[in-house]
Amino acid sequence: MSKRVIVAIDGPAGAGKSTLARRIAGKLGFLYIDSGAMYRAVGLWALRCGLDLSDAHRLEQLAKEARIELQPENGRVLLNGEDVTEAIRTPEVSQAASKVSVIAGVRRAMVAEQRRMASETSVVMEGRDIGTVVFPDAEIKIFLDADVAERAQRRLAEVQARGEAIDAERMAREIAERDKRDRGREMAPLVQAPDAIYVDSTHMGIDEVEEAVLRIIRERTSNGKEWNS
Ligand code: DC
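Starting afresh in each chain, residues are numbered from 1 along the sequence in its written order. Predicted model: local features are reported for residues with pLDDT of at least 70 only, side-chain atom pairs are reported and counted for 80 or more only, and whole-chain, interface and lining totals are derived from all residues. The basis for every side-chain value is the complete set of heavy atoms in the structure, and neither hydrogens nor water enter the calculation.

## Points about helix α4 (residues 91–100)
And then number 1: Under the scheme applied here, a residue whose accessible area is under 20% of the maximum for its type counts as buried, over 50% as exposed, and between as partly exposed, the area being computed with a 1.4 Å probe on protein chains only. Here a strand is any run of E in DSSP of at least two residues, a helix any run of H or I of at least four, and the numbering for each starts at the N terminus. Buried residues dominate α4, accounting for eight of its ten residues.
And then number 2: Contacts made by the buried residues of α4 are with α2 (35–48), α3 (56–65), α5 (104–117) and α8 (168–184). The criterion used for residue contact is that any of the two residues' heavy atoms lie within 4.5 Å.

## Looking at the sheet that holds strand β4 (residues 77–79)
And then number 1: By the convention used here, strands pair only if DSSP detects at least 2 bridges between them. The three strands lie next to each other as β3-β4-β5, forming an open sheet whose pairing is antiparallel. Two strands bound the open sheet, and with one partner strand each, they are β3 (68–70) and β5 (82–83).
And then number 2: Taken together, the three bridges between β3 and β4 define a ladder with antiparallel strand orientation. Bridged to Ile68 within β4 is Leu79.
And then number 3: In this description, a line fitted to the C-alpha atoms serves as the axis of each element, helices being fitted only across the stretch in contact, and the angle between N-to-C directions of two axes falls anywhere from 0 to 180 degrees. Its contacts with the sheet put α2 on β3, β4 and β5, and the angle it makes with β3 is roughly 140°.

## So, the sheet that holds strand β7 (residues 140–145)
Hydrogen bonds between backbone groups are what pair the strands of a sheet, and the pairing can be parallel or antiparallel.
And then number 1: Read from one edge of the open sheet, five strands run β2-β6-β1-β7-β8, paired in parallel fashion. Strand pairing shows two members of the sheet lacking a second neighbour, β2 (31–34) and β8 (197–200), which therefore form its edges. Adjacent strand axes in the sheet meet at a mean angle of 20° when their direction is disregarded.
And then number 2: Judged from the four bridges that link them, strand β1 (residues 6–10) and β7 form a sheet pairing that is parallel. Opposite Val7, over in β7, you have Ile140 as the bridge partner.
And then number 3: Here α2 sits on the sheet and contacts β2 and β6 (123–127); the angle it forms with β2, its principal contact strand, is near 40°.

## Here we look at the site of the ligand
And then number 1: In the vicinity of the ligand there are 16 residues, among which Arg40, Arg107, Arg178, Asp182 and Arg185 approach most closely.
And then number 2: Under this definition, polar contacts are N or O atom pairs within 3.5 Å; protein pairs additionally need one hydrogen-donor-capable and one acceptor-capable atom, and for neighbouring residues in sequence, both atoms have to be side-chain atoms. Between an oxygen atom of the ligand and a side-chain N or O atom of Ser101, the distance comes to 3.3 Å.
And then number 3: At a separation of 2.8 Å, a nitrogen atom of the ligand approaches a polar side-chain atom of Asp129.
And then number 4: Bound to the protein, the ligand loses 98% of the 440 Å² it would expose on its own.
And then number 5: Tallying contributions element by element places α2 first for the shell around the ligand, with four residues. The near set for a molecule or strand comprises every residue that places at least one heavy atom within 4 Å of it. All accessible-area figures derive from a Shrake-Rupley calculation using a 1.4 Å probe, and residue coverage is judged against the displayed protein chains alone.

Printed below as a string of structure tokens:
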């Protein structure tokens, strides 16, 4: 019987983790899990409830109560039964997600759910702490990075493609702010796991990144015992 495999992809906002993780999961036939969407759903709910985003007690309760579903068949995200796929992608929710993710109780609730989702199947999961905290024993760990200016540019293009207007300077400022918070927090900060492979995508197209990462996965899994033990 082949073993469950975990591919962990971590890195800062705008590095291309979601696109890469979705493609890799498609190629390998693994389940794709966007852990950031879960923190975004909690952030959205907190904003809607008008909560103070530093109220650890209320936010932990909210995170525990949130019913977050990531639908693998169509990539939709549901919060308490409501489709919030688009609603969680606004700049306000990006900041709220980064703020609520600082809170230990929120992280505990999300990590428990992420482990449950991957308990029976091979997954490609992307986020900030997947290779360090959620699955420290993941078979494959990638740390996907890019220069901050390039990341801000990519996010800007994404937002513009959705027909929304956002100021380039504001986008760059928000990405930098989120980076600082995500890297500087006490619990599960964004950091490269010692055994993660660093990939700098600043000057690479997505096809090239995908190819490089698939190569890494194949190398690891064909020398190794991971898949078939
Ligand atoms: O990946 P993303 O940009 O959608 O994530 C939104 C925020 O959620 C991010 O700024 C920090 C938080 N996050 C986290 O703390 N841990 C994760 N594993 C994923 C996201």
